[in-house]
Amino acid sequence: MTPLGSGGLLLIEPPVYQDERGEFFESWNERTFAGLGIPVRFVQDNQSLSLRRGTLRGIHFQTGGFAQAKLIRCTSGAIQDAAVDLRKESPDYLRVFTVDLSADDVRMLFIPRGFGHGFLTLADHTIVQYKADAFYEPGSEGSIRWDDPVLGIDWKLPEGMTPILSQKDAAAPYLRSISKNPA
Ligand SMILES: Cc1cn([C@H]2C[C@H](O)[C@@H](COP(=O)(O)OP(=O)(O)O[C@H]3O[C@H](C)C(=O)[C@H](O)[C@H]3O)O2)c(=O)[nH]c1=O
């Protein structure tokens, strides 16, 4: 388990048990995570499939009491994942952390509540599965533009390519235009 920054973001690599059939690992164990200092109880499991490389989902977050901690993993293809600390009281406020996750490894990213999250697919047919510790609440959703200059995320986009975005993400605001504390 590798802390990223000092805000509770963790890159987790569970032990893999291999035998002649293949391999097995625990992708989630509440007791193990509590022992790692992550007392979290997930209530929702999500999966997205992005058909093409260069698809960018995010930066999204849920505000206030609906904020979600997430456990992210990639089970097909690969992503460049980005998490940004939106908690004004954090020493890492507005600091962006990026990490590549792939179906070829078992690494997972734990993102505490109060972060914005997004990812860029690095391959076609990329599947991301992630758990959340609070329910989806459309009315509390917030977003920040993927290319926000304050965040300055260095996305691994192929030369000259603009990302494939949802209409919502294409219309996302820049940070400076978000008046209230976004998270
Ligand atoms: C997030 C969510 C969405 N939906 C429905 C709403 C839409 O009809 C459809 C697609 O939603 P959206 O375009 O927001 O999906 P993404 O762009 O992949 O959003 C996600 O992308 C970034 C990377 C995240 O971390 C968030 O968890 C999440 O916002 O699924 C649900 O029914 N439940 C849900 O929990």
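Bear in mind the structure is a predicted one, so any value in this text is a computation, not a measurement.

Criteria and thresholds
- Residues numbered from 1 in each chain as written.
- Predicted model: local features only at pLDDT ≥ 70, side-chain atom pairs only at ≥ 80, totals over all residues.
- Heavy atoms only, no water.
- 1 Å grid on protein atoms, 1.4 Å probe; cavity = no way out; pocket = protein on both sides within 12 Å on 5 of 7 lines; lining within 4 Å.
- Points joined across faces, edges and corners; volume = space filled by probe spheres on them.
- Helix = DSSP H or I, 4+ residues; strand = E, 2+ residues; numbered from the N terminus.
- Nonpolar A, V, L, I, M, F, W, Y, C, P; charged D, E, K, R; others polar.
- Near = heavy atom within 4 Å.
- Polar contact = N/O pair within 3.5 Å; in protein donor to acceptor, adjacent residues only side chain to side chain.
- Areas by Shrake-Rupley, 256 points an atom, 1.4 Å probe, with all protein chains shown as cover.
- Buried < 20%, exposed > 50% of the residue type's maximum accessible area, 1.4 Å probe, protein only.
- UniProt positions renumbered as here; feature names shortened; annotations may be inferred.
- Contact = heavy atoms within 4.5 Å.

Caption draft 1: Looking closely at the layout of surface pockets. Considered as a void within the structure, the largest pocket measures approximately 430 Å³ in volume. What lines the largest pocket is a set of 23 residues, among which His60, Lys70, Tyr130, Glu141 and Lys168 lie closest to the centre. For the lining of the largest pocket, the elements supplying multiple residues, two or more each, are β5 (44-50), β6 (56-62), β11 (115-121) and α2 (167-170). With six residues, the top contributor of residues to the lining of the largest pocket is β6. Considered class by class, the residues forming the lining of the largest pocket number seven nonpolar, 11 polar and five charged. Its volume calculated, the second largest pocket comes out at about 220 Å³. Forming the walls of the second largest pocket are Met1, Ile12, Glu13, Pro14, Pro15, Tyr17, Glu26, Trp28, Asn29, Thr32, Phe33 and Leu36. A class-by-class count of the residues in the lining of the second largest pocket yields eight nonpolar, two polar and two charged.

Caption draft 2: Quick peek at the site of the ligand. Close contacts around the ligand come from Gln44, Asn46, Arg57, His60, Lys70, His117, Phe119, Tyr130, Tyr136, Glu141 and Lys168, and that covers them all. Contact distances for the ligand include 2.7 Å between an oxygen atom and a side-chain N or O atom of His60. In the model, an oxygen atom of the ligand is placed 2.7 Å from a nitrogen or oxygen of the Lys168 side chain. For the ligand, the protein covers 65% of the area, taking 660 Å² as the surface of the free molecule.

Caption draft 3: Geometry of the environment of Leu86. With respect to the helices, strands and loops of the structure, Leu86 is situated in the loop between β8 (78-85) and β9 (96-102). Here Leu86 falls in the buried class, since its relative accessible area comes to 0%. Along the chain, Leu86 and Arg113 lie 27 residues apart, while their C-alpha atoms are 9.2 Å from each other.

Caption draft 4: Spatial organisation of the UniProt feature "active site" (unreviewed entry) in the chain. In the numbering adopted here, UniProt assigns the feature "active site" (unreviewed entry) to His60 and Tyr130. In three dimensions, the annotated residues from a span of 71 residues occupy one location, with a maximal C-alpha spread of 13.7 Å. In the annotated set above, the residues contributing to the lining of the largest pocket are His60 and Tyr130. As for its placement among the helices and strands, His60 is situated in strand β6. A distance of 3.5 Å separates a polar side-chain atom of His60 from the backbone nitrogen of Gly58. In this structure Tyr130 touches Gln44, Asp45, Asn46, Lys70, Leu71 and Ile72, once residues within four positions along its chain are discounted.

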